[in-house]
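Architecture and fold: a report
Spelled out, the chains give:
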Amino acid sequence: MSTFPVVMDVDTGIDDAMALMYAVRNPHMDVRAVSTVAGNVSLKQVVENTLKILDLMGASDIPVAAGAVAPLNSPARDASYVHGADGLGGVELPAPTREPVAEHAVELMRRTIMESEQKVTLIACAPQTNLALLLRMHPEVTENLERIVFMGGSASVGNATPVAEFNIWHDPEAADIVVKSGVPLVMYGLDVFNHVAIPDDVVAGLKASDHPVARALGGIAGFTYGDDEDEPQAYSLIGDAGAVVAAVHPEMFVSSEHRIEISLADEITRGQTVVDQRAQVGEDRLHGKKIDDIPVAEVVFSAKDEMEVIREFLDVVLEGELKELYS
């Protein structure tokens, strides 16, 4: 498999951290830039977390830029109750060794994409505000994008609301712009996100390890969240990292093409990713929008073997070490 250039867009909480860990260590991915956006935690905290994780992984040469501080039409609403106040589950890492680059995330993305001799894969692990701004301000980038792989949406249950997944719900207007961009899309949503988890005994082994990356990963994945009304539970899902694995190894997953739309107006369904799985055209298509006007995405529904995905993730992040914990 050849190496392909990548730009990552993140709101670094727990699973974005894992996504970065995998991406920068993957021999098939050339991560050329990381843009950041408010989401799981504030933009300031996201930037700090991103720099810390890249330092931990020996990837301090990858430029990081700060982006949007809030969605296009709404105030920022974080998910720190899941990721911890610092977004990394309280795992202590050394302070960053550098500052983010001076240019805005949108400009870093534009420049990186347009300067690439090979088409770029844009991986979005966050609310898609930066991506929407990029596409509106610099639509020429679409000519040099191979695809957009995004963690977001759901063809079934939501998490931010009964039907809406957090990243899409946080900025549905931005997601709508991205979905309608004409760039080939891969949607890695909650249907698969909610099922690919590091086993508890493996997390415990990682936390107890002397290996600095393993110990940090174990602490992040083992963060326990919940409140008085909810039974505390360990995060353990690799979440966004699964979308990055899918970008490299689509053969590990079950997916199919479907037309998708983002619900914008209705309060109950706002932020829902409507995935049309019907086998035949319905009355709405006969008497409303033409079917060709609805964007198409490759929608990932499940992992063929969830533990195979976990082994791939850990093999790459730990560079083949500590296999005794998970093989």
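Here we summarise the structure given alongside this text. Worth saying up front: this structure is predicted, and the values here are computed from it rather than measured. (Residues numbered from 1 in each chain as written. Predicted model: local features only at pLDDT ≥ 70, side-chain atom pairs only at ≥ 80, totals over all residues. Heavy atoms only, no water.)

Moving on to the packing of aromatic side chains. Counted by the stated rule, this structure contains three aromatic pairs. Here Tyr-22 and Phe-313 contribute two aromatic rings whose centre-to-centre distance is 6.2 Å and whose plane-to-plane angle is 25°, an arrangement assigned as stacked. Here Phe-313 lies in helix H13 (residues 306-317) and Tyr-22 lies in helix H1 (residues 14-25), a separation of 291 residues in the sequence. Like Tyr-22, the residue Phe-313 is buried in the burial classification. Pairing Phe-166 with Trp-169 gives two aromatic rings, centres 5.9 Å apart and planes at 40°, and the pair type is tilted. Taken together, the positions of Phe-166 and Trp-169, both in helix H6 (residues 166-170) and three residues apart, correspond to about one turn of that helix. Given a relative accessible area of 11%, Phe-166 falls into the buried group. Sitting over the ring of Phe-4, Arg-147 keeps its end group 5.2 Å from the ring centre. (Phe/Tyr/Trp six-rings, centres within 6.5 Å; stacked < 30°, edge-to-face > 60°. Helix = DSSP H or I, 4+ residues; strand = E, 2+ residues; numbered from the N terminus. Buried < 20%, exposed > 50% of the residue type's maximum accessible area, 1.4 Å probe, protein only. Lys NZ or Arg CZ within 6 Å of the ring centre and 35° of its normal.)

So, about the pattern of salt bridges. Any two side chains of opposite charge can pair, given that their charged atoms come close. Counted by the stated rule, this structure contains ten salt bridges. A salt bridge links Arg-111 to Glu-115, with the nearest nitrogen and oxygen atoms 3.8 Å apart. Here the residue Arg-111 and the residue Glu-115 both occupy positions in helix H4 (residues 105-115), the gap between them amounting to four residues, near one helical turn. For Glu-115, a relative accessible area of 56% gives the class exposed. In this structure, the salt-bridge partner of Asp-276 is Arg-278, at a minimum N-O distance of 2.8 Å. Among the residues examined, Arg-278 registers a relative accessible area of 41% and is labelled partly exposed. (Salt bridge = Lys/Arg side-chain N within 4 Å of Asp/Glu carboxyl O.)

Unusually for a residue other than glycine, Glu-319 sits at a positive phi of about 55°. Mapped onto the secondary structure, Glu-319 falls in the segment after H13. A relative accessible area of 53% places Glu-319 in the exposed class. One non-glycine residue with positive phi stands out, namely Leu-322, at about 60°. Within the secondary structure, Leu-322 sits in the segment after H13.

Across the five residues that make up strand E4 (residues 120-124), a large majority, five, are buried. Across the two faces of E4 the burial is the same, with Val-120, Leu-122 and Ala-124 and Thr-121 and Ile-123 all buried. Examined bridge by bridge, strand E1 (residues 4-10) and E4 share four bridges and lie parallel to one another. Residue Asp-9 lies in a different strand from E4, and its bridge partner there is Ala-124. Sheet topology places E4 next to strand E5 (residues 145-151); five bridges connect them, and they run parallel. (Pairing = 2+ DSSP bridges.)

Our next topic: the nonpolar core. Residues Met-8, Tyr-188, Phe-253 and Phe-313 are the most contacted members of the largest nonpolar core, which totals 71 residues. With residues up to four places along the chain from it excluded, the contact list for Tyr-188 reads Phe-150, Met-151, Gly-152, Phe-193, Val-196, Gly-239, Gly-242, Ala-243, Ala-246, Phe-253 and Val-300. Listed in part, the 34 residues of the second largest apolar core include Ile-113, Phe-150, Val-178 and Val-299. (Core = buried A, V, L, I, M, F, W, Y, C linked by side-chain atoms within 4.5 Å. Contact = heavy atoms within 4.5 Å.)

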